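# Residue-level structure breakdown
Residue strings, one per chain:
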Amino acid sequence: MLGAQTALETKMLLRNGEQLLLTVVIPTLLLVLFSSVDIVDTGAGSSVDFLTPGILALAVMSTAFTGQAIATGFERRYAVLKRLASSPLPRWGLMTAKTASVLVTEIMQVILLTVIAFALGWSPHGNPAAVLLLLIAGTAAFSGLGLLMAGTLKAEATLAAANLVFLLLLVGGGVIVPMDKFPQGAQDVLGLLPISALSDGLREVLQHGAGMPWGDLGILAAWAVVGLAAAGRFFRWE
């Protein structure tokens, strides 16, 4: 049952035009555009080396947070979740299937963006295991926040809020614009956001060849624990 629901959730995710735009088209266009055109000063080194980790973080956020929040919010509004909750598939199984479908989508995103980045001249460094752990922690953090939003707000409010958060974090989360371009006070606050921790952590490993960025991983783990616990506590199925 879990495998069948995961396959169904993945198909629904990939068939949704708006979610496909968020998860595939926008990250790809941003990577190609900002790597090819000198729009933002990314500091020393190749722009694609700076941008690729941030775009990978953006891809995780677009799928685990924005896409999942919007899809789940409207499923809740149209009583899809209520009907599924009364099926033989337990509620924990439904949430597990949603998380698994997010991971499947992210794997396809990472493969696509990696191929494009290599074509643009990307030269990654570091330990792949550290990258994998950061991506998993980031997925857990954003998934918890997305489910919390979808399970507490109305569908229309979730649609507006999720897209607004996506745009704000795209600009202020260190994805494209380096964090050192912001005032020091803003850097201290923005550095605590999950998108900043994920993009900075991936950048430390993939661009600078550092070991495990424990500080960034700790921030992601804290967001994951708080978000998933809050989602489990306050999520309303109808």
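Overview of the structure. What you see is a predicted model, and the numbers here were worked out from it, not measured in a lab.

## Things to note about the overall build of the chain
Along its length, the chain carries 10 helices and zero strands. Mapped from its N terminus to its C terminus, the chain presents α and β elements in the order α-α-α-α-α-α-α-α-α-α. Relative to the globule expectation of 18 Å for 238 residues, the C-alpha radius of gyration of the chain, 18 Å, shows essentially globular dimensions. Across its three principal directions, the C-alpha atoms of the chain cover 55 × 35 × 30 Å. Evaluated residue by residue, the chain yields a buried proportion of 47% over its 238 residues. Here the chain has roughly 10800 Å² of accessible surface; of this, 71% comes from carbon and sulfur atoms. Of note, the chain has its 13 positive side-chain charges centred 19 Å away from the centre of its 14 negative side-chain charges.

## Regarding unusual backbone geometry
Its identity is not glycine, yet alanine 79 carries a phi of approximately 65 degrees, on the positive side. Mapping alanine 79 onto the fold places it in the loop between helix 3 (47-77) and helix 4 (80-85). Alanine 79 sits in the partly exposed class, given a relative accessible area of 22%.

## Here's the deal with the side chain of serine 62
Within the secondary structure layout, serine 62 lies in helix 3. The class for serine 62 is buried, based on a relative accessible area of 0%.

## With respect to the packing of helix 3 against helix 7 (residues 155-172)
Interaxial distance between helix 3 and helix 7 falls to 8 Å at its minimum, and their mutual angle equals 170 degrees. Classed by the angle they form, the pair helix 3 and helix 7 counts as roughly antiparallel. In this structure, helix 3 uses Leu58, Met61, Ser62, Phe65, Thr66, Ala69, Ile70, Gly73, Phe74 and Arg77 to contact helix 7, whose residues at the interface are Ala155, Glu156, Thr158, Leu159, Ala162, Asn163, Val165, Phe166, Leu169 and Leu170. In terms of residue class, the contact of helix 3 with helix 7 is made up of 13 nonpolar, five polar and two charged.

## Topic: the side chain of threonine 139
Looking at the element boundaries, threonine 139 is found in helix 6 (residues 128-152). Of the residues examined, threonine 139 reaches a relative accessible area of 4% and is grouped as buried. Once residues within four sequence positions are removed from consideration, threonine 139 is found in contact with Val60, Ala64, Val102, Leu103 and Glu106.

## Considering the pattern of salt bridges
Counted under the stated rule, the structure contains four salt bridges. Residues aspartate 200 and arginine 203 are paired through a salt bridge, measuring 3.6 Å at the closest nitrogen-oxygen approach. Highlighted residues: aspartate 200 and arginine 203, both in helix 9 (residues 194-206), separated by three residues, approximately one helical turn. Here arginine 203 falls in the buried class, since its relative accessible area comes to 7%. Ionic contacts of the salt-bridge type, sharing partners, join the residues Glu9, Glu75 and Lys98 into one network.

## Brief notes about the nonpolar core
In terms of nonpolar packing, the biggest core is built from 46 residues, with Leu31, Leu58, Met61, Phe142, Leu198 and Leu202 touching the most fellow members. At the level of elements, helix 2 (17-36), helix 3, helix 5 (91-119), helix 6, helix 7, helix 9 and helix 10 (214-234) are the ones that each hand at least two residues to this core. With 14 residues, helix 3 is the single largest residue contributor to this core. Each residue touching leucine 58, except ones within four places of it in the same chain, is listed here: Pro27, Leu30, Phe166, Leu170, Val175 and Ile195.

## With respect to a nonpolar patch on the surface
Where nonpolar side chains cluster on the molecular surface, the patch consists of Leu14, Leu20, Val104 and Met108 and spans about 280 Å² of accessible area. Along the chain, valine 104 falls in helix 5.

Parameters at a glance
- Residues numbered from 1 in each chain as written.
- Predicted model: local features only at pLDDT ≥ 70, side-chain atom pairs only at ≥ 80, totals over all residues.
- Heavy atoms only, no water.
- Helix = DSSP H or I, 4+ residues; strand = E, 2+ residues; numbered from the N terminus.
- Rg over C-alpha atoms; globule rule 2.2 N^0.38 Å.
- Buried < 20%, exposed > 50% of the residue type's maximum accessible area, 1.4 Å probe, protein only.
- Areas by Shrake-Rupley, 256 points an atom, 1.4 Å probe, with all protein chains shown as cover.
- Lys, Arg positive; Asp, Glu negative; His and termini not counted.
- Charge placed at Lys NZ, Arg CZ, Asp CG, Glu CD.
- Axes fitted to C-alpha atoms, helices over the stretch in contact; angles between N-to-C directions.
- Parallel < 35°, antiparallel > 145°, perpendicular 65-115°, else oblique.
- Contact = heavy atoms within 4.5 Å.
- Nonpolar A, V, L, I, M, F, W, Y, C, P; charged D, E, K, R; others polar.
- Salt bridge = Lys/Arg side-chain N within 4 Å of Asp/Glu carboxyl O.
- Core = buried A, V, L, I, M, F, W, Y, C linked by side-chain atoms within 4.5 Å.
- Patch = residues over 30% accessible without salt bridge, like charges linked within 9 Å, V, L, I, M, F, W, Y side chains within 5 Å.

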